[in-house]
Amino acid sequence: MWILLPAIFMTCLLTAFIGARGDAGAAEIRTRANDELMHYKTFIAAADMYFRSHPAPAASTRYTWTMLKASAPAAMSAATMRDDWYAVRDVDGSWAACTQLREEAARKVTSLFPGTGGPRAPSPTALLALGDQAAAATATSLCERGAP
């Protein structure tokens with residue numbers, strides 16, 4: 001009986017260590033998703049400001065962060081965005097933010113826009129379009145036209 005005590009003690013320590021690491025990993029994922037959501041909100045807000053102050057283009061046009069941040073306040077324009085994020089604006093003035101989000105952030109993004117119908121895309125790492133089926137299809141189409 002006494003011979004098993006060290007093995008039981010080591011098993012308990014190992015279980016506690018693994019449990020603590022799992023919690024730390026989950027917290028890190030949540031933190032990264034929250035950071036990505038904050039960047040996403042900044043990108044959307046800057047794009048909206050830019051498009052409100054500029055006329056619609058003569059043809060569908062792709063806009064990078066470098067272009068969009070020109071109309072943003074200083075605190076917002078100082079943000080660094082992912083290189084693969086862009087927006088596309090059509091001749092009728094409609095626009096779509098074309099951002100790839102990690103899975104955890106993609107699941108949380110619908111909370112930013114209640115009542116939009118949730119994400120409509122094959123995968124959160126491909127395109128994330130919010131809105132009803134028609135709005136999502138239009139946004140996805142704009143992003144595909146503006147893809148490099």
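Each residue is numbered by its place in its chain's sequence as written, counting from 1. Restriction of local features to residues with pLDDT of at least 70 applies here, the model being predicted, together with a cutoff of 80 or more for giving and counting side-chain atom pairs; totals for whole chains, interfaces and linings are based on all residues. The side-chain figures draw on all heavy atoms in the structure; neither hydrogens nor water molecules are used.

Asks: Quick question: what am I supposed to make of the pairing of strand β3 (residues 95-98) here?
Replies: Side-chain positions along a regular strand alternate between the two faces of the sheet. Across 4 bridges, the pairing between strand β2 (residues 86-89) and β3 is antiparallel. Across the sheet, the residue bridging to Arg89 is Trp95, located in β3. The pairing criterion is simple: DSSP has to find at least two bridges between the two strands. The way it works is that DSSP assigns letters per residue, a run of H or I at least four long becomes a helix, a run of E at least two long becomes a strand, and they are numbered from the N terminus. Counted between consecutive antiparallel strands, the loop separating β2 from β3 contains 5 residues, among which Gly93 sits at a positive phi close to 95°.

Asks: Please explain the sheet that holds strand β1 (residues 61-64) as it appears in this structure.
Replies: Hydrogen bonds between backbone atoms are what pair the strands of a sheet, whose relative direction is either parallel or antiparallel. The 3 strands lie next to each other as β1-β2-β3, forming an open sheet whose pairing is antiparallel. The open sheet is flanked by β1 and β3, the only strands paired with a single partner. Mean inter-strand twist for the sheet, computed between neighbouring axes without regard to direction, equals 25°. Where β1 meets β2, 4 bridges bridge the pair, whose relative direction is antiparallel. If you follow Thr64 over to β2, its bridge partner there is Tyr86. Axis lines are fitted to C-alpha atoms, over the contacting stretch for helices. Their N-to-C directions set the angle, which ranges from 0 to 180 degrees.

Asks: Help me understand the pattern of salt bridges in this model?
Replies: Where side chains of opposite charge bring their charged atoms close, a pairing between them can arise. Salt bridge criterion: a side-chain nitrogen from Lys or Arg within 4 Å of a carboxyl oxygen from Asp or Glu. On inspection of all chains with the given rule, the structure shows 3 salt bridges. A salt bridge links Asp48 to Arg52; the nearest nitrogen and oxygen atoms lie 2.7 Å apart. Here Asp48 and its partner Arg52 are both found in helix α1 (residues 5-53), 4 residues apart, which amounts to about one turn of the helix. Residue Asp48 is classed as partly exposed on the basis of its relative accessible area of 25%. Exposure categories follow from relative accessible area, calculated using a 1.4 Å probe and restricted to protein chains: below 20% of the type maximum is buried, above 50% is exposed, and the middle band is partly exposed.

Asks: Just to check I follow, could you spell out the state of the cysteines for this structure?
Replies: Here, two cysteine sulfur atoms that lie within 2.5 Å of each other are counted as a disulfide. Scanning the model with the defined rule gives 1 disulfide in all. Paired through a disulfide, Cys98 and Cys143 show a sulfur-sulfur distance of 2.0 Å. Every disulfide takes its handedness from the sign of the S-S torsion; for Cys98 and Cys143 that torsion is -95°, giving left-handed. Placement of Cys98 in strand β3 and of Cys143 in helix α5 (residues 133-146) is noted, with a sequence separation of 45 residues between them. Like Cys98, the residue Cys143 is buried in the burial classification.

Asks: Just checking my understanding: could you explain the side chain of Thr42 for this structure?
Replies: For Thr42, the location among the structural elements is in helix α1. Any two residues whose heavy atoms approach within 4.5 Å at even a single point are treated as in contact. Excluding residues that lie within four positions of it along the chain, Thr42 makes contacts with Trp65, Met76, Ala79 and Met81.

Asks: Is there a simple way to think about the confidence of the model for the protein in this case?
Replies: Low pLDDT means the predicted coordinates in that region are not meant to be read closely. Every residue is assigned a pLDDT by the predictor, reflecting its confidence on a scale from 0 to 100. With 63% of its residues at a pLDDT of 70 or more, the protein has an overall mean of 74. Ranking the elements of the protein by mean pLDDT puts α5 last, at 73, and helix α2 (residues 65-68) first, at 92. Low confidence marks residues 118-125, where pLDDT is under 50. Its contacts with residues over four positions away, or in another chain, come to 22 contacts.

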